[in-house]
Number of protein chains: 4
Amino acid sequence: MSSNADARPRRGNTRQRIQDVALELFAERGYEKTSLREIAERLEVTKAALYYHFKTKEDILGSLFEDLARPTDELIEWAAEQPRTLETKQEILRRYSEALAGAERLFRFMQENQATMRDLQAGEEFKARMLRLLDVLREPDAPLTDQVRCFSALFSMHAGLFALKDVEGDPEEKRRAILEVATDLVTQAHSDRESR
Amino acid sequence: MSSNADARPRRGNTRQRIQDVALELFAERGYEKTSLREIAERLEVTKAALYYHFKTKEDILGSLFEDLARPTDELIEWAAEQPRTLETKQEILRRYSEALAGAERLFRFMQENQATMRDLQAGEEFKARMLRLLDVLREPDAPLTDQVRCFSALFSMHAGLFALKDVEGDPEEKRRAILEVATDLVTQAHSDRESR
Amino acid sequence: MSSNADARPRRGNTRQRIQDVALELFAERGYEKTSLREIAERLEVTKAALYYHFKTKEDILGSLFEDLARPTDELIEWAAEQPRTLETKQEILRRYSEALAGAERLFRFMQENQATMRDLQAGEEFKARMLRLLDVLREPDAPLTDQVRCFSALFSMHAGLFALKDVEGDPEEKRRAILEVATDLVTQAHSDRESR
Amino acid sequence: MSSNADARPRRGNTRQRIQDVALELFAERGYEKTSLREIAERLEVTKAALYYHFKTKEDILGSLFEDLARPTDELIEWAAEQPRTLETKQEILRRYSEALAGAERLFRFMQENQATMRDLQAGEEFKARMLRLLDVLREPDAPLTDQVRCFSALFSMHAGLFALKDVEGDPEEKRRAILEVATDLVTQAHSDRESR
DNA sequence: GATGAATGAGAATTCATTCAT
DNA sequence: CATGAATGAATTCTCATTCAT
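Treat the numbers as computed from the prediction; the structure is a model and nothing was measured.

Caption draft 1: Just the overall build of chain A, in detail. Within chain A, the secondary structure is distributed over 11 helices and zero strands. For chain A, the N- to C-terminal ordering of α and β elements is α-α-α-α-α-α-α-α-α-α-α. Viewed in the frame of its principal axes, chain A has a C-alpha envelope of about 65 × 35 × 35 Å. In chain A, 69% of the contacts between residues at least 6 apart in sequence involve partners at least 24 apart. Accessible surface, chain A as shown: approximately 9900 Å² in total, 49% of it carbon and sulfur. Mean positive and mean negative side-chain charge positions of chain A (31 and 37 charges, respectively) differ by 5 Å.

Caption draft 2: Region of interest: the arrangement of the chains. Structurally, chain A and chain C remain out of contact, their C-alpha atoms never closer than 12 Å. For the non-touching pair chain B and chain C, the nearest C-alpha separation works out to 21 Å.

Caption draft 3: Representation of the relation of the copies chain C and chain D within the structure. Relative to chain D, chain C is turned by 180° and slid 0.0 Å along the rotation axis, the superposed coordinates differing by an RMSD of 0.1 Å. In symmetry terms, the pair is related by a two-fold rotation axis. Considering only C-alpha atoms, the residue of chain C closest to the rotation axis is C:Asn113, which sits at 2.8 Å.

Caption draft 4: Molecular detail of the protein's contact with DNA strand F. Around DNA strand F, the surrounding shell holds 35 residues, and the nearest of these are A:Thr46, B:Tyr51, C:Tyr52, C:His53 and D:Lys57. Across the atoms of DNA strand F situated within 4 Å of the protein, the share located in sugar and phosphate is 65%. Mapped onto the surface near DNA strand F, the elements with two or more residues apiece are helix H3 (47-53) of chain A, helix H2 (36-43) and helix H3 (47-53) of chain B, helix H3 (47-53) of chain C together with helix H2 (36-43) and helix H3 (47-53) of chain D. Taken together, the residues that form the surface near DNA strand F break down as 14 nonpolar, 12 polar and nine charged.

Caption draft 5: Up close: the interface of chain B and chain A. Taken together, the contact pairs 42 residues of chain B with 42 residues of chain A. Summed over both sides, the interface of chain B with chain A buries roughly 3400 Å², with 58% coming from carbon and sulfur. In terms of surface lost to chain A, no three residues of chain B exceed B:Lys33, B:Arg118 and B:Leu144, which account for 16% of the buried area on that side. If you look at where chain B meets chain A, you find six salt bridges. Salt-bridge contacts for B:Arg118 lead to A:Glu112; the nearest nitrogen and oxygen are separated by 2.2 Å. At the junction of chain B with chain A, the criterion picks out 20 residue pairs in polar contact (both at pLDDT 80 or more). Of all the secondary-structure elements, those providing two or more residues to the side of chain B that touches chain A are helix H1 (14-29), helix H7 (104-112), helix H8 (114-118), helix H10 (144-163) and helix H11 (171-195) of chain B.

Caption draft 6: Main features of unusual backbone geometry. All names here are of chain B. Unusually for a residue other than glycine, Glu44 sits at a positive phi of about 55°. Here Glu44 is to be found in the loop between H2 and H3. Under the relative-accessibility criterion, Glu44 is labelled exposed at 67%.

Caption draft 7: Quick look at the interface of chain C and chain D. The interface is formed by 42 residues belonging to chain C together with 42 residues belonging to chain D. Of the roughly 3400 Å² buried at the junction of chain C and chain D (both faces included), carbon and sulfur atoms supply 58%. Counting every contact that joins chain C to chain D gives six salt bridges. Residue D:Arg149 is joined to C:Asp184 by a salt bridge in which the shortest nitrogen-to-oxygen separation is 2.9 Å. Within the residue set of the side of chain C that touches chain D, elements represented by two or more residues are helix H1 (14-29), helix H7 (104-112), helix H8 (114-118), helix H10 (144-163) and helix H11 (171-192) of chain C. For the side of chain C that touches chain D, the per-class residue count stands at 15 nonpolar, 11 polar and 16 charged.

Procedures and definitions
Residues numbered from 1 in each chain as written. Chains lettered and ligands numbered in written order. Predicted model: local features only at pLDDT ≥ 70, side-chain atom pairs only at ≥ 80, totals over all residues. Heavy atoms only, no water. Helix = DSSP H or I, 4+ residues; strand = E, 2+ residues; numbered from the N terminus. Contact = heavy atoms within 4.5 Å. Areas by Shrake-Rupley, 256 points an atom, 1.4 Å probe, with all protein chains shown as cover. Lys, Arg positive; Asp, Glu negative; His and termini not counted. Charge placed at Lys NZ, Arg CZ, Asp CG, Glu CD. Least-squares fit on C-alpha atoms with pLDDT ≥ 70 in both. Near = heavy atom within 4 Å. Nonpolar A, V, L, I, M, F, W, Y, C, P; charged D, E, K, R; others polar. Buried area = accessible area lost by both parts, 1.4 Å probe. Salt bridge = Lys/Arg side-chain N within 4 Å of Asp/Glu carboxyl O. Polar contact = N/O pair within 3.5 Å; in protein donor to acceptor, adjacent residues only side chain to side chain. Buried < 20%, exposed > 50% of the residue type's maximum accessible area, 1.4 Å probe, protein only.

Here you go:
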């Protein structure tokens, strides 16, 4: 019988707690403006303790991506193998929307710290993934507007995550609205194919 | 014979040059990662010279907004006074697209440094402007999806500015494609009004 | 044979050493004219080390007060509880004179950096203490001259600490002479009470 | 017809105005904490203008002493020539008290910025004057206590200038009270001479 | 009698990182 | 698994001062 079910969960989970607090602060105040001191203080450990668990500051961020972006990664992997049908595309969006919702803070962080992401290893990787996803959605020889539509669909899903924060109602409802619009865009882009 | 042909061209333009270099670096490397030392070095002046022209680092950024975002400001002002017709909305997008193109680096900067913008005075102001613009485009009692469409239109215009950079072809063509998609979205949102 | 006889004696005493050197320099050259660089250099540590031990420059000074002015504080506490007899007053002066001698450099510092003290937290606190001490010595309804005498007694004790430095003889003898004059003044002020 | 009788008295008096504002700020916030920028701003001129009138910051302060401390200087000159009678001493105190009142801000400044004064030329000079004044008051072979009394008298007059500020009543009355106490002290010191 | 533009030196402070214990 | 103590490099900013105009 484990000793502390809901008591202060200290112990093997320090790594986890660092990640939690780090993500919270990174998302809240930005990567550069969050210092390791702050993270350590909020956790009531010393800065040196952080270095026991992670090699560098960038590493902490990296670990967040590894842990939180994996579902997204798998989704993209899966998507790349599907046939390029409309149904597939729609399903991809549906799943991507959920993936985003599941790691909201992380994606919000990315959205708001793009300049920072650019020279972080995790940033490069993420950008590559996005492009692969885009490649699944769009038709290479489609007119520019349709390409934009696909891009727009993706981007709106990202941005919607937090930009609609101070707009209105129930988050889940909003998510579905965004998904609907994105699906519309991709559908339209897909349909244009035939009329060419 | 004029005294300094190519000698130190230290005329009244230093302030301008600071702004130029600052915007360049801010956009390129991000606000926090750009130090005043770098700006000064690139200009071959001392850091103190920057402080002769601007009170703080934030002030430099602020001045960029004042100078570059004014056309946008005036556009929004104008937009707020127009009747809420479809044509108006389309015209607004058209003009906004141009305004964005005219201050591309600045808007790219904003897009990529949102976390930073959040606690800058200029950030607050900009956000407020965006919301006003959104208010002109959307119908307050429209269904959520239509609201999202309007938001999406705006956001895609911003993001498109630079996110399409590493995608393809002629910038002007891309801009028009983005504008077209945005217009579609707003048009669709507007038209839904009747079918309610 | 212990490992570092005269090697870097970098034990737990750094904080102390900072305080020592800081007080020395603050008293010698004034608070503003003493830079953290100087303190660090004289200690052969880096500036950052100072910040490990103290949050700010003002904090270093604050800590000196906390450590050195405590005896004085306790004395004032004690004084406030005594009956307002002449004997008490004399005893207070006697003790205060000793307290001053025990933290000579600190009081000299205060005396010579009043302008600085004014906007330091420690300054406010000290002033409040002085007024409380004065309140114990003087009779609230005594004539103005007697109030001045009490104030003068106190002030002379402070100033004497260092102003007599370049005057003459044995410090301890001087201290006693100052105390005697101060006692005279307070005694006179107290005696006047009856003749009113 | 003169153009500006009571209008902004600009013109030949800038030097004066600099001195006024400088003294005001020096006394208010301390010498080091007062920057030339502040002085210039309050005068609505540029820093460079200050340098037209004074060679350095220290020079501004120096000029204040030259202008304001001259009466004191003359007094001391005069005092040094008088016979060493009790009446003389009393007269000296009386005059000195008035001299102090006439340049209150300057003396307050000195009192509160002793650490600064120490390495200013004006500081050295002033200290020398004080010692000469002290030499006129005290008897060289008097017991230590009596020497202290003289010193105390002088010092109380200085300190009283502003330390009694937050104590009570009418300034002029306070000045007289201080003078009275100082006179008492010197008288006592003088009288002891006989009883030796 | 002043300004506009700049500089060189230096201030306080913060940060990511290291390492012996 | 962690801390205490420290560092080196950087950062933003301020100051007294200079000088051509």
